[in-house]
Every structure is written in C-alpha cells, then in structure tokens.
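Chain residues, written in single-letter form:
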Amino acid sequence: MAIKLHRCGNLWVKGPHPCWTVQKALDDTGVEYEVVEEKWFGGRPATVEKTGQRKFPWIEFEDGSVYREESKDMAARIRDGRLDSQPPAA
C-alpha cells in the first residue's frame, strides 16, 4: 500500500505532537509511506481541499481518498492493522 502522510514541516518535534504520533505508529508497524510536508502557517489550501478542514496529520491513499481523525485515533487504527480497511468518513 503506497500512502502519503501529510503533516506539518516540524519533523524534529517528538512527544505528544499529533503528526509525530501518527508517523511513529506508521514506523512501528512497518507501513511504507511518503511524508508530505505541509506549511505550518497559512491557509493550508491542499489540506482544506482534500479534508474540508485545516488540521494535520492526514493520510492520502493511492486512489486519492483521504483519512483524517484525531491523531490518537489514527495511531490506534494503524497499530490495530486496520489502516487498509475502509477508512471512516473524514
């Protein structure tokens, strides 16, 4: 499964940071992904266009569909091995 993790550009931030939480879950479970660094400030037009809101992180699947929930819920879904099942409506 080729996915893209859209996250803020603050790749150095760890801990409870939402983007890091999801990225760590992907790393820990061996899911292959590409990081797409988005602008931290500003309108975030690509994020709004795809998800209808401005929050990070979000995942884009090969078919162009997107998945967005709160980071703890996203991380739990990834760790449970359910990322490739039908994602809930964002």
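Further up the page is the structure itself.
Residues numbered from 1 in each chain as written. Predicted model: local features only at pLDDT ≥ 70, side-chain atom pairs only at ≥ 80, totals over all residues. Heavy atoms only, no water.

**Q** Residue-level account of the overall build of the protein, with values.
**A** For the protein, the helix and strand inventory stands at three helices and four strands. Taken from the N to the C terminus, the helices and strands of the protein come in the order β-α-β-α-β-β-α. Radius of gyration (C-alpha) of the protein: 12 Å, near the 12 Å computed for a compact globule of 90 residues. Along the first, second and third principal axes, the C-alpha set of the protein runs to 35 × 30 × 20 Å. For the protein, with 90 residues in total, the buried portion stands at 38%. Counted over contacts in the protein with a minimum sequence separation of 6, partners at least 24 positions apart contribute 48%. Mean positive and mean negative side-chain charge positions of the protein (14 and 15 charges, respectively) differ by 7 Å. (Helix = DSSP H or I, 4+ residues; strand = E, 2+ residues; numbered from the N terminus. Rg over C-alpha atoms; globule rule 2.2 N^0.38 Å. Buried < 20%, exposed > 50% of the residue type's maximum accessible area, 1.4 Å probe, protein only. Contact = heavy atoms within 4.5 Å. Lys, Arg positive; Asp, Glu negative; His and termini not counted. Charge placed at Lys NZ, Arg CZ, Asp CG, Glu CD.)

**Q** Break down the pairing of strand 2 (residues 33–38) for me, citing the residues and quoting the values.
**A** Sheet analysis places strand 1 (residues 3–8) next to strand 2, joined by six bridges and oriented parallel. Bridge pairing in strand 2 places Arg 7 opposite Glu 37. A crossover connection joins strand 1 to the parallel strand 2 through helix 1 (residues 18–29); in handedness this β-α-β unit is right-handed. (Pairing = 2+ DSSP bridges. Right-handed = clockwise from strand over helix to strand, strands pointing away.)

**Q** An account of the nonpolar core is requested, with residue identities and associated values reported.
**A** One finds Ile 3, Leu 5, Val 22, Ala 25, Leu 26, Ile 59, Phe 61, Tyr 67, Met 74, Ala 75, Ile 78 and Leu 83 forming the largest nonpolar core, which totals twelve residues. Sorting the residues of this core by element identifies strand 1, helix 1 and helix 3 (71–79) as the ones contributing at least two each. Non-local contacts of Met 74, meaning those with residues more than four positions away in its chain, are made with Val 22, Pro 57, Trp 58, Ile 59, Tyr 67, Arg 68 and Glu 69. Residues Cys 8, Cys 19, Trp 58 and Val 66 belong to the second largest nonpolar core, which totals five residues. (Core = buried A, V, L, I, M, F, W, Y, C linked by side-chain atoms within 4.5 Å.)

**Q** So what's going on with the packing of aromatic side chains? Residues and values would help.
**A** Summed over the entire model, instances satisfying the criterion amount to zero aromatic pairs. Directly above the ring of Tyr 67 sits Arg 77, whose terminal nitrogen or CZ lies 5.5 Å from the centroid. (Phe/Tyr/Trp six-rings, centres within 6.5 Å; stacked < 30°, edge-to-face > 60°. Lys NZ or Arg CZ within 6 Å of the ring centre and 35° of its normal.)

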